[in-house]
Amino acid sequence: MNSVVRSVVVAGMLGAVAILLAVTRLGMIPMPTGVNATIMHIPAILGGVVEGPGVGALVGLIFGLYSFLYSGRFFADPLVSILPRLLIGPAAYYVRRATGSVALAAALGTATNTVGVLGMAVLRGYLPAKAAGVIALTHGLPEMVVAVVLVVPIARALARWRGGHSPAAAAAVRKRREQGEKT
């Protein structure tokens, strides 16, 4: 399959998963604090880890747009709801590329979401810094653990589906095939 077509298909599928998690509320985990923890960032992390920063950013955009359109409160500000979500997949991609660790990519992709959203909410005056810190600890850390537990096996399964190659290795294989060399 053409790599661009595959990337678009994967981005669409992961974006649909993000929307499904939002619409069904399966992506929102009620917490005793009255604020929901989320797993809706996981498709963006998977997009970045499996297909690269562009797909991760596109899935993050879908997640952010959904938050912007339907979440209310300070998420009605695109700098809070969209901008940080654009960075989840690319952050996960570059962490995986630098370290080779999907678990670390999942953890730091989650941190990108948590710090980005809460940081922008503080900068824009929607939350006091102390409240953002409490939310980061009580919601961000559990979200990070859940992301690692879910992303690692899903990324492995997706890598097997892709033939076991990282995005960079898959691109090199495609290039050699296009040049007529044996792989």
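Now for a description of the structure that goes with this document. (Residues numbered from 1 in each chain as written. Predicted model: local features only at pLDDT ≥ 70, side-chain atom pairs only at ≥ 80, totals over all residues. Heavy atoms only, no water.)

Here we look at a nonpolar patch on the surface
Together, Val-145, Val-149, Leu-150 and Ile-154 line one region of the surface with nonpolar side chains, adding up to about 320 Å² of accessible area. Relative to the elements of secondary structure, Val-145 occurs in helix H8 (residues 129–161). What makes Val-145 exposed here is its relative accessible area of 52%. (Patch = residues over 30% accessible without salt bridge, like charges linked within 9 Å, V, L, I, M, F, W, Y side chains within 5 Å. Areas by Shrake-Rupley, 256 points an atom, 1.4 Å probe, with all protein chains shown as cover. Salt bridge = Lys/Arg side-chain N within 4 Å of Asp/Glu carboxyl O. Helix = DSSP H or I, 4+ residues; strand = E, 2+ residues; numbered from the N terminus. Buried < 20%, exposed > 50% of the residue type's maximum accessible area, 1.4 Å probe, protein only.)

Some words on unusual backbone geometry
In this model, Arg-25 sits at a positive phi of 70°, which is unusual for a non-glycine residue. Its relative accessible area of 48% is what places Arg-25 among the partly exposed residues.

Section: the side chain of Glu-51
Along the chain, Glu-51 falls in helix H2 (residues 42–51). A polar contact is formed between the side chain of Glu-51 and the side chain of Arg-6, at a distance of 3.0 Å. (Polar contact = N/O pair within 3.5 Å; in protein donor to acceptor, adjacent residues only side chain to side chain.)

Observations regarding the packing of aromatic side chains
Under the definition given, this model contains 3 aromatic pairs. Between Phe-74 and Phe-75, the aromatic rings sit 4.8 Å apart at their centres with planes inclined by 35°, giving tilted as the arrangement. Across this residue pair, the class does not change: Phe-74 and Phe-75 are buried. Ring geometry for Phe-74 versus Tyr-126: centroids 6.0 Å apart, planes at 20°, classification stacked. Placement of the pair is Phe-74 in the loop between helix H3 (53–70) and helix H4 (78–81) and Tyr-126 in the loop between helix H7 (102–123) and H8, with a sequence separation of 52 residues. Here Phe-74 falls in the buried class, since its relative accessible area comes to 11%. The partly exposed category is assigned to Tyr-126, whose relative accessible area is 38%. Members of the aromatic cluster, connected to one another through ring pairs, are Phe-74, Phe-75 and Tyr-126. Sitting over the ring of Phe-63, Arg-85 keeps its end group 4.1 Å from the ring centre. (Phe/Tyr/Trp six-rings, centres within 6.5 Å; stacked < 30°, edge-to-face > 60°. Lys NZ or Arg CZ within 6 Å of the ring centre and 35° of its normal.)

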